[in-house]
Amino acid sequence: MLTGNQIRKLYLDYFKDKHQHTIVESSSLVPDNPTVLLTTAGMLQFLPIFLGIVKSPYDPARATSCQKCARAGGKDSDIENVGRTPRHHTFFEMLGNFSFGDYYKKEIIPWAWEFVTEILKLDKDRLWITIFETDDEAYEIWRSVGVPAERIKRKGKKDNFWGPPGASGSCGPCSEIHYDLGEQYSCGHPNCGINTCECDRWVEIWNLVFTELYQDEEGNQSPLESKNVDTGMGLERITMVCQGVASTFETDLLKPIMDKVSEMSGVLYSKHNPSSALRAPSPTRGEGNISFKNGTEKTDISLRIITDHARCVTFLISDGVIPGNEGRSYVLRMILRRALRHGKILGMDLPFLYKLVDVVIENYGEAYPDLIKNKEKIKDVIQKEENRFKETLDRGYKMLDEFIAEKKDIDGESAFKLYDTFGFPLELTKEIAEENNLKVDEEGYKTAMQEQKDRAKAATAKISVTGDIKYAKVENEVGSTDFVGYTENECDAKILATIDGEGFVDVVLDKTPFYAECGGQVGDSGIIEDKRSGGQEVKLEVLTTFKVNKLFVHRCKVINGDDLTGCEVHAKIDLARREEIRVHHSSAHLLQAALIKVLGDEVHQAGSQVEENRMRFDFTFSRAMTQDEIFKTEEIVNKWIAKGLPIITQEMDIEQAKLTGATALFGEKYEDVVRVVSMGEGENCVSKEFCAGTHARNTRDLRLFKIVSEGAISAGTRRIEVVVSNSAFDFMNEKVKELDKLSLMFKAHSNEVVERVEKLQEENKELSKQIEKLEEENSKAKFATFLSKAQDIEGGKLFITKADDSIKPVGLKIGVEYLSAKLKDSIIVLANSKTVIAKVSDNFVKQGIQAGKIVGDIARATGANGGGRPNFAQGGIKDASKLDEILAKIEEDIKTIKV
């Protein structure tokens, strides 16, 4: 029986060795194309070649790959079906071979037939072919390789014609190879057949797409000059067929993962095929005997969901995705939390999902070595997300239980609260609702979401809504602004309009050298003055510049001038400030490149702010950077600065820009023509990004790079603040001044200061120990006088008293331990106006008297919280006014207990 790993290798080797294809490594699940959420098909990385934007780099022009794919978000999502069918997945591998104007139908059809019948040795009598209804050419070729006419079925456009990706584009017919699993898997309908039914009996294993036509926006089709082939075979499905099972979850690709889920949950999968050589789970070594519950249809769904999702999140995190609330980060969080919810259904305690990473990597590490390299990072990210969700999961369930109990549909506001407060993705809420025959008001949810976004936007808006309307009206009247600031620092211009504000005036010019705030870079400042008198009649200080649509607005303080509209002026930026902004913006690009080198592909930019005296950079990463990692990042950037790499900016078509490998911000909208900024060129290029900002001309202009701070701003997102050039030297000079002060204070050379501080810390540590020892002796001496207050009770001694407020919590604890050691079998309770501590010996614990309950009762009676173990517990005191009464009541209750 062929394994999944063997089938993957057989496929790639067949097309490489026998048909001269270049094996191309799988691209990341995070596509280079910023408009695409996740990689959903094998042909995605070859799209520029298929579109004719670039020529095929392969000789001959043919390639083969096994592509990692994820369909868990957007229009291609399979998430609703995953777990509920035996074949749908959020992550899968797509085997494919591609011809870029090279071979066509008469080659690929015989190759495909040979591979499935001779290499995989599938039963020819179980193979069926579907073709497009008018594709006589494909029909004749399938007949020529030996497929009987009755096993070739014609289908319409819905099933066997691949349309263009948008309103227009390349398209063409396709041929599909299907496998008949047998009558035992039939739906039982009298007309069950390949042409009429989509039940589990029939499995599509390979799709051969022939792009031979171009369709325009009116739907007219014409032949393409160059015809292409794009095929796709799902590895999980073909493995299922080869291994003689009816579910992809029972193949050796997924069953080891499911076995581990069964082992951890103690729930068996009920639908294992009795004929399969893949047996039910055996306990992991060291686990001992495990008692398994028999599975049901409901638990089977949960087992499949956890199995699929564990694999998907492992691959997504390895490719750099981090759980979050936007884009692909949201998709990851959604499927991860869906798996956790189904773990709860099976009775599993969080965290558990991270424990499945080992078995996923054991199964896939050989084919995808990055998984092995990133294993600890993957487990860390999953475990942290599990712990985060664990905190709110039960409270979210409680809210949902109220709707379920009342059999009431979930309104939009509540669905949004479940998401915003308790971390329940909408998809998870919908799934729970559907299981209980309830509906979710999705439109109401979207409205609540939009209202929150609007509130957030309003809170940070720099321009009022009425102002926006004014600017839009101005733009309609005067048109957009001609920006010349990439090449010019000053220019002649004309004031086209002004808008008065409180203490300022907003000025619109016909053209400007002032960069408007955009992409995290602050707007330019400077001077606008009349040309004729050099500022005697009109002089404006530009405080900042921003954009509304394509209108550049200069916010100004009026120094001279009244009637401004129509005035011919000279506009000049604050060049010294712009130069500092330039170098700080370039530092952001170098920082991102260095972070990827030091921390790995998990790093993705999440925001930035570029000013003249600092740069703030936000990025996705699951933990704090170590000091060594910060130093290493600084070292890399400063080496690039020292190399004097040229900084090159090019304008190009967006599709061409994508092919250069330039990094783009996911979710950012770009024009058809974009600017690409490269740090270095050729083999020395260290960074290439889409960027509309202004930059230094050479890395040497940055002079010095220094990280000022690094910290978390939210779960999975870090922030670094950087200074370069003058600001970096100012920062370092301040540090030196502080060091000089310490040198004078310690009367030591600067390189001896650290040693002196460490020595001082050691001395303080030793003194603290001595103080603690004295406090302990003092406490013991004080509590020794209390021994006589201990009361005899059945089973031992009871000591319960209110202590002096001068005794610190550590002193109370010392007292409790001292009294317990002296009194042996005892119940000790000490409290003052701030703290209560109790200790109960084992003989009393066995009779049901617990320290945690005693402390909890006392703390709650004062309005505070507390608790702990049966033997020892500690809590706070909030209102001590009735502490004497509370302790007396506890004492009375304890005395009445019969031991």
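Residues numbered from 1 in each chain as written. Predicted model: local features only at pLDDT ≥ 70, side-chain atom pairs only at ≥ 80, totals over all residues. Heavy atoms only, no water.

## Some remarks on the overall build of the protein
Summing up its helical and strand segments, the protein has 25 helices and 30 strands in all. A principal-axis box enclosing the C-alpha atoms of the protein has dimensions of 105 × 95 × 60 Å. Within the protein, the fraction of its 899 residues that count as buried is 50%. In the protein, 68% of the contacts between residues at least 6 apart in sequence involve partners at least 24 apart. Carbon and sulfur atoms form 47% of the exposed surface of the protein, whose accessible area is close to 43600 Å². (Helix = DSSP H or I, 4+ residues; strand = E, 2+ residues; numbered from the N terminus. Buried < 20%, exposed > 50% of the residue type's maximum accessible area, 1.4 Å probe, protein only. Contact = heavy atoms within 4.5 Å. Areas by Shrake-Rupley, 256 points an atom, 1.4 Å probe, with all protein chains shown as cover.)

## Some details on the state of the cysteines
Under the counting rule described, the total for this entry stands at 0 disulfides. Cys 69 supplies the cysteine sulfur nearest to Cys 312, a cysteine that is in no disulfide, at a spacing of 11 Å. (Disulfide = S-S within 2.5 Å.)

## So, the packing of aromatic side chains
Under the criterion given, the structure shown has 32 aromatic pairs. Residues Phe 15 and Trp 206 carry aromatic rings whose centres are separated by 6.4 Å and whose planes lie at 90 degrees to one another, so their mutual orientation is edge-to-face. Taken together, the residues span a long stretch of sequence, with Phe 15 in helix α1 (residues 4-18) and Trp 206 in strand β8 (residues 202-215) at a distance of 191 residues. Across the pair, exposure class does not vary: Phe 15 and Trp 206 are buried alike. Note that Lys 157 overlies the ring of Phe 161, its terminal NZ or CZ placed 5.4 Å from the centroid. One cation-aromatic arrangement involves Arg 675 over Tyr 486; the distance from NZ or CZ to the ring centre is 3.3 Å. (Phe/Tyr/Trp six-rings, centres within 6.5 Å; stacked < 30°, edge-to-face > 60°. Lys NZ or Arg CZ within 6 Å of the ring centre and 35° of its normal.)

## Focus: the environment of Glu 435
With respect to the helices and strands, the residue Glu 435 is situated in helix α14 (residues 426-435). The partly exposed category is assigned to Glu 435, whose relative accessible area is 34%. C-alpha of Glu 435 to C-alpha of Ile 404: the two residues are 31 residues apart in sequence and 10.0 Å apart in space. Other than its neighbours up to four places away in sequence, Glu 435 contacts Arg 84, Arg 341 and His 342.

## Regarding the confidence of the model for the protein
In the predicted model, the protein carries a mean pLDDT of 87, and 93% of its residues have values of at least 70. Here residues 272-280 scores under 50 on pLDDT; set against residues more than four positions off or in separate chains, the count is 21 contacts. Throughout residues 456-467 the model reports pLDDT below 50, and contacts reaching past four residues in sequence, or to other chains, amount to 6 contacts. (pLDDT = per-residue confidence, 0-100.)

## Some thoughts on the sheet that holds strand β11 (residues 490-500)
Spatial strand order, β11-β12-β16-β15-β14-β17: 6 strands in a closed barrel with antiparallel pairing. Recorded for the sheet is a direction-independent mean angle of 45 degrees between the axes of neighbouring strands. Looking at chain direction, β11 and strand β17 (residues 568-573) are connected through 5 bridges and run antiparallel. Among the inter-strand pairings, Lys 494 is bridged to a residue of β17, identified as Glu 568. (Pairing = 2+ DSSP bridges. Axes fitted to C-alpha atoms, helices over the stretch in contact; angles between N-to-C directions.)

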